[in-house]
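Read off the chains here:
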Amino acid sequence: DIQMTQSPSTLSASVGDRVTITCRASQSVSSWLAWYQQKPGKAPELLIYDASSLRSGVPSRFSGSGSGTEFTLTISSLQPDDFATYYCQQYNSYYTFGQGTKLEIK
Amino acid sequence: EVQLVESGGGLVQPGGSLRLSCAASGFTFSNYDMHWVRQATGKGLEWVSAIAAAGDTYYADSVRGRFTISRENAENSLYLQMNSLRAGDTALYYCVRENSSSSEHFDYWGQGTLVTVSS
């Protein structure tokens, strides 16, 4: 089974900050990596797929990069609506999620 | 507009059974692979099961042999039959659509139905 590890588990930041979340896979997943945002009491929503493709309608301040075993999600300038929990997911071999990164207001 | 609406959750005793349903609308259901993903309260996401458009089925090790996924394309419905339920199966269960291209990311999620396994 492929394990996905996100860091950090919690991130405190301010509106306007640039933040980066890292996701590491236990073996190569090529570019088959997605990022989801989840707000309290809501279902996850797709942000990025295939490591770097922005879903239509998602603000351009979100970007993804990486391939193989190391990936990043970057938010270029945090907005109040961005404080949420973020999950990475590999879909190279079945489906595995990272443990999540909670983005908190500093 | 794509909509996925789950139902069938509830309180069940350990060893009991429950059948979850997902009503799909806003897209051609028969063309898409579909999944169930669960989330225990305050925890992360766990993939549970998938069914391809062609009908092939897949399961996480934690539920294989106890859960059965199925679909009824004529009714635009997805199901999850859960038997021999355990306390560890307690979670919010999401119905999820997989993207139709070669990329298998999950593009739409329902709001979930809560399953509680407790005596």
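Conventions and cut-offs
Residues numbered from 1 in each chain as written. Chains lettered and ligands numbered in written order. Predicted model: local features only at pLDDT ≥ 70, side-chain atom pairs only at ≥ 80, totals over all residues. Heavy atoms only, no water. Helix = DSSP H or I, 4+ residues; strand = E, 2+ residues; numbered from the N terminus. Rg over C-alpha atoms; globule rule 2.2 N^0.38 Å. Contact = heavy atoms within 4.5 Å. Areas by Shrake-Rupley, 256 points an atom, 1.4 Å probe, with all protein chains shown as cover. Salt bridge = Lys/Arg side-chain N within 4 Å of Asp/Glu carboxyl O. Buried < 20%, exposed > 50% of the residue type's maximum accessible area, 1.4 Å probe, protein only. Pairing = 2+ DSSP bridges. Axes fitted to C-alpha atoms, helices over the stretch in contact; angles between N-to-C directions.

Participant: Quick rundown of the overall build of chain B? Include the residues and the values.
Facilitator: Looking only at helices and strands, chain B features zero helices and eleven strands. The C-alpha atoms of chain B give 14 Å as radius of gyration, which agrees with the globular expectation for 119 residues (14 Å, within 12%). Seen through its principal axes, chain B has C-alpha atoms that stretch 40 × 25 × 25 Å. Counting contacts in chain B only where the partners sit at least 6 residues apart, residues at least 24 apart contribute 53% of the total. Surface exposure of chain B reaches about 5300 Å², of which carbon and sulfur atoms provide 44%.

Participant: Outline the pattern of salt bridges, supporting the account with residue identities and numerical values.
Facilitator: Residue and element names in this part refer to chain B. Counting across every chain of the model gives nine salt bridges over all chains. Note that Asp-61 is salt-bridged to Arg-64, the shortest N-O span being 2.5 Å. The partner of Asp-89 in a salt bridge is Arg-66, with the nearest N and O atoms 2.7 Å apart. Placement of the pair is Asp-89 in the loop between strand 8 (77–82) and strand 9 (91–98) and Arg-66 in the loop between strand 6 (57–59) and strand 7 (67–72), with a sequence separation of 23 residues. By relative accessible area, Arg-66 is classed as buried at 9%. Taken together, the shared-partner salt bridges connect Arg-38, Glu-46, Arg-66 and Asp-89 into one network.

Participant: Go over the sheet that holds strand 3 (residues 19–25) of chain A, please, and point to the residues and values.
Facilitator: Residue and element names in this part refer to chain A. Taking strand neighbours across the sheet as the criterion, the four strands line up as 1-3-8-7 in an open arrangement whose pairing is antiparallel. Each end of this open sheet is capped by a strand with a single partner; those strands are strand 1 (4–7) and strand 7 (62–67). Averaged over neighbouring strand pairs, the angle between their axes works out to 15° when direction is ignored. In this structure, strand 1 lies alongside strand 3, joined through four bridges in antiparallel fashion. Among the inter-strand pairings, Ser-7 is bridged to a residue of strand 3, identified as Thr-22.

No statement about biological role is implied by the geometric values presented.
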